[in-house]
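The primary structure of each chain is shown beneath.
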Amino acid sequence: MSTAEAASPAAALPGWVMPVAKTLAVIAGIAALIFALVASGIAPKGSWAHKILAAPFIEMREMPDLLVQTLWEGAVAGILYALIALGFVLIFKASGVFNFAQGIMVVFAGLTLVGTYELLGRVGLTGMPAAYLALLVTLGVMALLAVSVERFVLRPLVNQPDIILFMATFGLTYLLIGIGESIFGGNPKVMITSQLGLPRGAIDLNILGGRVTLQKIDIAAAVIATLMIIALAIFFQKTRIGRALRAVADSHKAALSVGISLNQIWMIVWFAAGVVALVTGIMWGARSDVSFGLQTIALKALPVLILGGFTSVPGAIIGGLIIGIGEKIGEFYWGPLLGGAIESWLAYVIALGFLVFRPQGLFGDKIIERI
Amino acid sequence: MFYREAGQYKTTYAADMAVFPIRQDRIGIALILLIAFVGIPLTANEFVINSIMVPFLVFALAAIGLNILTGYTGLISLGTGAFMGVGAYACYKLTTIFPDLNIIVCILLSGFFAAAIGALFGLPSLRIKGFYLAVATLAAQFFLQWCFVRVPWLYNYNASGAIEVPQREVLGVIVTGARAAPEVKYLVLLSIVVLLTWIASNIIHGRFGRMWMAVRDMDIAAELMGIRMLPTKLLAFAVSSYYCGVAGACMMFLWYGGGEASDAFNINQSFNVLFMVIIGGLGSLVGSFFGAAFISGLPTLLKFGLPAIGIPIGGAFAEHLTHIFVGGLIIFFLIVEPHGLARLWQIAKQKLRTWPFPY
């Protein structure tokens, strides 16, 4: 480890400083341009240029409380996207598998939790103990899933091209949908929020001449997500298994040659992704309900991923925040101009815009191409 | 025994490079075409044509399209469903603006609109590669899907918000609309598929196909050899989208006949076609047909086949079972033969050549 760090003394700044600085510069440039346009009178009020370039910003300045509300909602959505993206990143780093099944794992974990709780209710167990028992059972199920995925999908497919592994996770998605639907039924279920001890209700803040409503569950989601990310970071940096995980991420062959078991690492990493999926499932489930419709949010995690780079944990978080906030701001201020519901594609277009300038994402490993 | 090239001498370079160099292959293709064009319309009932053959042909066309992009050029696209949608909506606009234009011409023309849109969304492929590109094509998928719902001009301000397929005749025979005979629709679709497959085969065996494959195998090396990336990749996107667009137009006009349109071009359709290409075999035309037959036929087979052999299953459970089955089979096939059904077909042919004395 230390030799690798010592090998590059010239890189005093972390690699992500430059892209972030560049992005900020571009944003500042755009802001200056808009100001110049409005101030010089090229875009008079009522014109299209004014509606697109100036009116939303004027609205932001005049009603800061609405802006704060939108930002908060965007940030919360972003954190939840980031959680799904985190599951992707974990698996991609350790095994190079683009795990499409992460979204369905979220649903599956949520459904298992609620289903187990209902089952416990039938034998007379309710309340918080039952909820946490159900949580334990779900963790067991996710561990079982990780073991079987490693044994029956990954191990036979080792050394295949990326797209084959990608398609295999697709098969896994279908399999999990089928199994989940036959066991739990296709109806949406209500997440056992209060039984798990998660807060409900909202806090109203009177700031900036208006009222900003913060859902308590959102705050809890933000806190739990932060805790989990810190825990994962410690796990990766400080523990023996974490170091092995990073070694595998760097090079499968080198890791194998120093005696790290790839199979074991993959099992652990899929289990970790399963735990992340469970937390995500609880949080998303608490905001709406647990249903197979939730798997579409997994697709929303994809632009987050490419924005942050497939291999970067901080990238997943920053990417999630950019996508979440950008999406909500875009929908709220510019959506009506285009007829609404632009949330469905805006995230992808934002990500695409970033990618054209940085093909490996904001924080991804630099792509080196050689013959 | 009966399938081997012994005794078939080739005297010219062209004969040696033929797509079907063995006589038995040519006879087999002729036989398949004969059955498809004459046998099936004469013998099959409406169920077989509408629920098995038509979906198979439509998806085969879409799979060929995606195979050109993913299998031959190595660019992963998740926007197939949307490009199919562009074809369908373009065809609808064309046939309502020019009602006298032959509907088959409309279907073939609509592919060009899809090709233009496809090339536009293919532009990022110059800088973005691999899975990053796959996610970038999702932008096309979701943006176009949004357009199909939010731009009422595309569906002529219909109250239903979907394509309503009008009745069109070719040479006095009703081809589209509710009153068209299934056999007619089937024959039109089959002709389009055969024609486009033949064209695709020629493109792929020609200069462009070789350029695409060079880009797929290693794009920097291809560039150093003098293949220009921009035209090559955009052409792949355009041709691929053309096929997908025609498939979409066929889907809407010769299969669905309107109705459940809003859902037809969603992301699941893109994934479906990608399955077909992978299961069938990347970089193989015949694989596209195998994959389409497998993925489009399997749910029908499970739904109607299992009760027929005496295993009764309920409607909802049948759907879940289909999911489990399809998922399991995808994983199974990838493990057993990652190069798809096309490779199995090749192996079978190779074995047959030396059968029954494989020494």
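Since we're looking at a predicted model, the values are computed, not measured.

Some points on the overall build of chain B
Helix and strand counts for chain B stand at 14 helices and two strands. Here the C-alpha radius of gyration of chain B, 21 Å, is about what a compact globule of 359 residues would show, namely 21 Å. Structurally, chain B occupies a C-alpha span of about 70 × 60 × 45 Å along its principal axes. In chain B, which comprises 359 residues, the share counted as buried stands at 52%. For chain B, contacts bridging at least 24 residues in sequence account for 73% of all contacts bridging at least 6.

Quick notes on the overall build of chain A
Each helix and strand in chain A was counted, giving 14 helices and two strands. Per-residue burial for chain A yields a buried fraction of 47% across its 371 residues. Counting only contacts in chain A whose residues sit at least 6 apart along the sequence, the fraction spanning at least 24 positions is 71%. In the structure as shown, chain A presents an accessible area of about 17,200 Å², 68% of it carried by carbon and sulfur atoms.

Quick word on the packing of aromatic side chains
Geometry of an aromatic ring pair is reported as the spacing of the ring centres plus the angle between the planes. Per the stated rule, a full pass over the model turns up 25 aromatic pairs over all chains. Aromatic pair Phe235(A) and Phe236(A): ring centres 6.1 Å apart, planes at 75°, arrangement edge-to-face. Relative accessible area serves as the criterion here: at 23%, Phe235(A) is assigned to the partly exposed category. When the centroid spacing of 4.5 Å and the interplanar angle of 15° are considered together, the rings of Tyr89(B) and Phe148(B) count as stacked. Taken together, the residues Tyr89(B) in helix 4 (residues 80-97) and Phe148(B) in helix 6 (residues 130-150) connect sequence positions 59 residues apart.

Focus on helix 2 (residues 23-43) of chain B
Since one α-helical turn is 3.6 residues long, residues separated by three or four positions face the same way. Residue and element names in this part refer to chain B. Given a rise of 1.5 Å per residue, 21 residues ought to cover 30 Å, and the 28 Å separating the end C-alpha atoms of helix 2 matches this to within 8%. Considering bend angle alone, the principal kink of helix 2 is centred on Ile35 and spans about 35°. Looking at helix 2, one finds that the buried residues are Asp25, Ala36, Ile40 and Pro41. Buried positions along helix 2 lie against helix 3 (46-72), helix 7 (182-205) and helix 14 (340-354).

Description of the side chain of Thr112(A)
Residues and elements named next belong to chain A. Along the polypeptide, Thr112 turns up in helix 5 (residues 102-122). Here the side chain of Thr112 touches Phe108 through a polar contact of 2.5 Å, landing on its backbone oxygen. Contacts of Thr112, omitting those with residues within four sequence positions, involve Thr138, Val141 and Phe184.

A look at the interface of chain A and chain B
Taken together, the 50 residues of chain A in the interface contact 40 residues of chain B. When chain A packs against chain B, the two sides together hide about 4,100 Å² of surface, and 81% of this comes from carbon and sulfur. Summed over the shared surface of chain A and chain B, the number is zero salt bridges. Our count for the chain A to chain B interface comes out at zero residue pairs in polar contact (both at pLDDT 80 or more). Elements with a contribution of two residues or more to the side of chain A that touches chain B: helix 6 (127-154), helix 7 (162-184), helix 12 (295-308) and helix 14 (343-357) of chain A. The greatest single-element share of the side of chain A that touches chain B, amounting to 16 residues, is contributed by helix 7 of chain A.

With respect to the pattern of salt bridges
Residue and element names in this part refer to chain B. For the structure on display, the rule yields four salt bridges over all chains. The salt bridge involving Lys233 is made with Asp219; its shortest N-O contact spans 4.0 Å. Placement of the pair is Lys233 in helix 10 (residues 229-256) and Asp219 in helix 9 (residues 219-224), with a sequence separation of 14 residues. Lys233 sits in the buried class, given a relative accessible area of 2%. Looking at Asp219, the relative accessible area reads 14%, which means it is buried.

Observations concerning the nonpolar core
Grouped together as the largest cluster of nonpolar side chains are 210 residues, with contacts concentrated most on Phe98(A), Leu113(A), Met167(A), Trp270(A), Ile107(B), Tyr243(B) and Phe265(B). Top contributing element to this core by residue count: helix 3 of chain B, with 16 residues. Leu113(A) has contacts with Ala131(A), Ala134(A), Leu135(A), Thr138(A), Met191(A), Ile192(A), Leu196(A), Leu278(A) and Ile282(A), leaving out every residue within four places of it along the chain. Counting five residues, the second largest nonpolar core, distinct from the first, contains Val215(B), Ala222(B), Ile227(B) and Met229(B).

Some details on the pairing of strand 2 (residues 173-176) of chain B
Residues and elements named next belong to chain B. Across three bridges, the pairing between strand 1 (residues 168-170) and strand 2 is antiparallel. Note on strand 2: the bridge partner recorded for Val170 is Val173. Hairpin connection, strand 1 to strand 2: the antiparallel pair is bridged by two residues, and Leu171 has positive phi, about 55°.

A short note on the packing of helix 9 (residues 240-250) of chain A against helix 11 (residues 262-287) of chain A
Two numbers describe a pair of packed helices, the interaxial angle and the distance between the axes. Residue and element names in this part refer to chain A. For the pair helix 9 and helix 11, the least separation of the axes is 10 Å and the interaxial angle reads 105°. Considering the angle they form, helix 9 stands roughly perpendicular to helix 11. Packed against helix 9, whose contacting residues are Ile241, Ala244, Leu245 and Val248, the element helix 11 presents Leu262, Ile265, Ile268 and Val269 at the interface. Of the residues that constitute the contact of helix 9 with helix 11, the class distribution is eight nonpolar, no polar and no charged.

Quick look at the confidence of the model for chain A
Per-residue pLDDT for chain A averages 78, and the proportion of residues at 70 or more is 87%. Every residue in residues 1-11 of chain A scores below 50 in pLDDT, and together they form one contact with partners more than four places removed in sequence or on other chains.

Considerations on the environment of Phe271(B)
Considering the arrangement of structural elements, one finds Phe271(B) in helix 11 (residues 267-280). A relative accessible area of 5% means that Phe271(B) is categorised as buried. When the C-alpha positions of Phe271(B) and Leu78(B) are compared, they lie 6.7 Å apart, and in sequence the two are 193 residues distant. Look past the residues within four positions of Phe271(B) in its chain and what remains in contact with it is Phe100(A), Phe170(A), Leu299(A) and Leu78(B).

Quick word on a nonpolar patch on the surface
Residue and element names in this part refer to chain B. A cluster of nonpolar residues, Val19, Phe20, Ile29, Leu31, Ile32, Leu33, Leu34, Ile35, Phe37, Val38, Leu42 and Leu187, forms a patch on the protein surface that exposes about 1,000 Å² of accessible area. With nine residues, the top contributor of residues to the nonpolar patch is helix 2. Among the secondary structure elements, Leu42 is positioned in helix 2. The exposed category is assigned to Leu42, whose relative accessible area is 69%.

Thoughts on the confidence of the model for chain B
On average, residues of chain B carry a pLDDT of 84, and 95% of them reach 70 or more. Reported for the predicted complex are a pTM of 0.84 and an ipTM of 0.77.

Notes on helix 11 of chain B
Residue and element names in this part refer to chain B. An ideal rise of 1.5 Å per residue puts 20 Å on 14 residues; helix 11 measures up with 20 Å between its terminal C-alpha atoms. Judged by how many residues are buried, helix 11 sits mostly within the fold: twelve of 14 residues are covered. Among the residues of helix 11, those classed as buried are Ile267, Gln269, Ser270, Phe271, Val273, Leu274, Phe275, Met276, Val277, Ile278, Ile279 and Gly280. Looking one or two places after helix 11, you find Gly281, whose phi comes out positive at around 130°.

Rules and cut-offs
Residues numbered from 1 in each chain as written. Chains lettered and ligands numbered in written order. Predicted model: local features only at pLDDT ≥ 70, side-chain atom pairs only at ≥ 80, totals over all residues. Heavy atoms only, no water. Helix = DSSP H or I, 4+ residues; strand = E, 2+ residues; numbered from the N terminus. Rg over C-alpha atoms; globule rule 2.2 N^0.38 Å. Buried < 20%, exposed > 50% of the residue type's maximum accessible area, 1.4 Å probe, protein only. Contact = heavy atoms within 4.5 Å. Areas by Shrake-Rupley, 256 points an atom, 1.4 Å probe, with all protein chains shown as cover. Phe/Tyr/Trp six-rings, centres within 6.5 Å; stacked < 30°, edge-to-face > 60°. Expected span 1.5 Å × (residues − 1). Bend = angle between axes of the 7 residues up to and from the residue. Polar contact = N/O pair within 3.5 Å; in protein donor to acceptor, adjacent residues only side chain to side chain. Buried area = accessible area lost by both parts, 1.4 Å probe. Salt bridge = Lys/Arg side-chain N within 4 Å of Asp/Glu carboxyl O. Core = buried A, V, L, I, M, F, W, Y, C linked by side-chain atoms within 4.5 Å. Pairing = 2+ DSSP bridges. Axes fitted to C-alpha atoms, helices over the stretch in contact; angles between N-to-C directions. Parallel < 35°, antiparallel > 145°, perpendicular 65-115°, else oblique. Nonpolar A, V, L, I, M, F, W, Y, C, P; charged D, E, K, R; others polar. pLDDT = per-residue confidence, 0-100. Patch = residues over 30% accessible without salt bridge, like charges linked within 9 Å, V, L, I, M, F, W, Y side chains within 5 Å.

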